[in-house]
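Structural description and commentary
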Amino acid sequence: MDLQVALFSLIPIILVCILFFKSKHKNLPPGPHAWPLIGSLPVLFTNTEVPLHITLTNMAHTHGPMMILWLGTQPTLVASTAEAAMEILKTKDRVCSGRHIRMSFRLKHHIKYSLVWSDCTDYWKLLRKIARTEIFSPKMLQAQSHVREQKVGELVEYLRSKEGQVVKLTQFVFGTLLNILGNVVFSRDVFVYSDDDGNKDGIQNLIREMLMIGAEPNIAEFYPILEELDLQGLKRKCDERFLRVMKLWKGTVNERKEKRNEETKDMLDVLLANDFNDAQINALFLETFGPGSETSSATIEWVMSELIKNPKEMAKVRKELDEVVGTSTVKESHLPQLPYLQACIKETMRLHPAAPFLLPRRAIEACELMGYTIPKDCQILVNAYAIGRDPHSWTDPLTFRPERFFESDVDYHGGHYQFIPFGSGRRTCVGMPLATRTIPLIVGSLVHTYDWGLPDGKRPEELELKEMLSLSLAIDPSLCVVPKMRV
Ligand code: HEM
């Protein structure tokens, strides 16, 4: 009886909460029904077989280009057309320029000096300037091109020892990317090619583990009041990996402080010349290894999978490589003469963008978007995945047809809102100049050197391209291939 009375007395409180909520949030975009406290969570997670990016893409067909979801108590805006993306990334870029920081990444050693997670402060502007004019400047990238070619050469050479065997391609590609980034950062390799546990306690595993922990659903995302409790221990686990990874490069940083290079050769030289302290250096190193490796590695795995599944397109890439590169190895100087390879990479990024929701933005103040009122601090997801497959922007959107990029001038630099794998506006990807050199160099080298079979004699058309949303858009299961030297 007491319980019934207690429950009954809760009804007016719930009603007051609903009325308060409705008056506070007028003119929101449409969206699925939101229950008190749990919001739209039941709609999103009823069918765990369907990944979130597909669920949200399907929901946009019902609710429209801008829809609001309530993740527990937290509002999240999802934009699913080129027009909606343009409103957020161009017209209202300033007010939509905050970042929604994932709870597991709110690490005290890191967040204060972060480039990825800061709002657009003067410090963030300084970092972007240094990245644009020094670390990823055309001059610096050009000066380091021979190192990238050498690292890719090592990958190709290692795969020779695997001829005829089944390899999980991404494992070695991820390592190669880390070595490329290690050389951008402090002119050092961080990955060794080996079949055993050679990298067990190395940067590769720690970075991968941090990314995996960051991708795990964290209940505090839905109920920020729980943040300090860290109920799942995700923040603690991430922090522990960060402390370990910092120790791994501490010696290199200290050595360089004692004996500086005469010329500026890498990111560490640039940061020391700008008087950055250890905490700032650590944060930026992490943000180069983290976003730089996972996104590029996922993209390369997707391009290789699409080419294996589409033998005609693979043959065209090969023909182009044979004509331009001949019997030599692929160099970065060849890349401008390989338009078909570039078109295959673009087509892959359209269908499988590594960051399907870009990096979550945040409204820094309440604002109007496409006539709707968006509350301050609302998380903003731009669904690049839905946009890349929108039939209003693309003919025959689900078909892999690289030729479409010869029929228009659409490019990924952020000015064409139907194709935004690197984002757009003031927070667009700083690593794009590096990624757009590295990805074609690796794919071109793999295709030029090897024929790629599938395990157990599987035929190309039997290769299933199932997507899984982790921190980036991955293939599930990972691509396994059998390399065979081309004659
Ligand atoms: C295929 C490769 C890559 C893809 C698809 C990608 C995608 C993205 C996207 C979608 C964003 C958010 C843009 C926005 O909010 O509008 C971003 C931001 C960022 N990316 Fe990349 N990225 C790639 C490679 C890299 C590389 C190689 C690096 C560094 C070595 C890098 C470093 C960053 C950083 C630091 C930011 C944050 C910029 C800011 O918030 O101001 N990315 N990237």
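All of these numbers come straight from a predicted model, not from anything done at the bench.

Parameters at a glance
Residues numbered from 1 in each chain as written. Predicted model: local features only at pLDDT ≥ 70, side-chain atom pairs only at ≥ 80, totals over all residues. Heavy atoms only, no water. Near = heavy atom within 4 Å. Polar contact = N/O pair within 3.5 Å; in protein donor to acceptor, adjacent residues only side chain to side chain. Helix = DSSP H or I, 4+ residues; strand = E, 2+ residues; numbered from the N terminus. Core = buried A, V, L, I, M, F, W, Y, C linked by side-chain atoms within 4.5 Å. Buried < 20%, exposed > 50% of the residue type's maximum accessible area, 1.4 Å probe, protein only. Contact = heavy atoms within 4.5 Å. Salt bridge = Lys/Arg side-chain N within 4 Å of Asp/Glu carboxyl O. Pairing = 2+ DSSP bridges. Expected span 1.5 Å × (residues − 1).

Concerning the site of the ligand
Close to the ligand lie 29 residues; Arg99, Arg128, Arg361, Arg427 and Cys429 are nearest. Note that an oxygen atom of the ligand is positioned 2.8 Å from one of the side-chain N or O atoms of arginine 99. In this structure, an oxygen atom belonging to the ligand sits 3.3 Å away from a main-chain N or O atom of serine 424. Every element with two or more residues in the shell around the ligand is listed here: α5 (122-135), α13 (278-309) and α17 (432-449).

Considering the nonpolar core
With 53 residues, the main nonpolar core has Met304, Val443, Leu446 and Trp452 as its most contacted residues. Mapped onto this core, the elements with two or more residues apiece are α7 (145-160), α8 (169-186), α13, α14 (311-325), α15 (339-351), α17 and β9 (450-453). Broken down by element, the residue count for this core peaks at 8 residues, all from α17. When near neighbours in sequence (up to four residues on either side) are disregarded, methionine 304 contacts Leu169, Val443, Leu446, Val447, Trp452 and Leu479. Val116, Phe136, Val185 and Leu272 belong to the second-largest nonpolar core, a separate cluster that totals 46 residues.

Comments concerning the pattern of salt bridges
Under the definition given, this model contains 34 salt bridges. Of the charged contacts in the structure, one is a salt bridge between aspartate 411 and lysine 346, with a shortest N-O distance of 3.8 Å. Residue aspartate 411 is found in the loop between α16 (384-388) and α17, and its partner lysine 346 is found in helix α15; the two are separated by 65 residues along the sequence. By relative accessible area, which is 22% here, aspartate 411 ends up partly exposed. Taking the shortest distance from any N to any O, the salt bridge between arginine 404 and glutamate 347 comes out at 3.0 Å. With arginine 404 in the loop between α16 and α17 and glutamate 347 in helix α15, this residue pair connects regions lying 57 residues apart in the sequence. Assigned by exposure class, arginine 404 and glutamate 347 land together as buried.

Concerning the environment of threonine 48
Looking at where threonine 48 falls in the secondary structure, it is placed in the loop between α2 (41-45) and α3 (52-63). For threonine 48, a relative accessible area of 69% translates into the label exposed. Distance from threonine 48 to aspartate 119, taken between C-alpha atoms, is 33 Å for residues 71 residues apart in sequence.

Let's talk about the sheet that holds strand β12 (residues 480-485)
Pairing between sheet strands relies on hydrogen bonds along the backbone, with the strands arranged either parallel or antiparallel. Judged by pairing direction, the sheet is antiparallel, and its 3 strands sit side by side in the order β4-β12-β9 without closing on themselves. Only two strands of the sheet have a single neighbouring strand rather than two, namely β4 (167-168) and β9.

So, unusual backbone geometry
Residue proline 477 follows aspartate 476 across a cis peptide bond; omega there is 0°. Topologically, proline 477 is positioned in the loop between β11 (473-475) and β12. A positive phi angle is found at asparagine 27, which is not glycine, with a value near 60°. Position of asparagine 27 relative to the elements: it lies in the loop between α1 (2-24) and α2. Within the chain, aspartate 377 stands out as a residue other than glycine whose phi angle is a positive 70°. Positionally, aspartate 377 belongs in the loop between β7 (372-374) and β8 (379-382). With a relative accessible area of 36%, aspartate 377 lands in the partly exposed category.

Comments concerning α3
Its 12 residues place the ends of α3 16 Å apart at the C-alpha level, agreeing with the 16 Å of an ideal helix rising 1.5 Å per residue. Along α3, the residues that are buried comprise His53, Thr55, Leu56, Thr57, Met59 and Ala60. Just downstream of α3, glycine 64 is the residue with a positive phi angle, here 105°.

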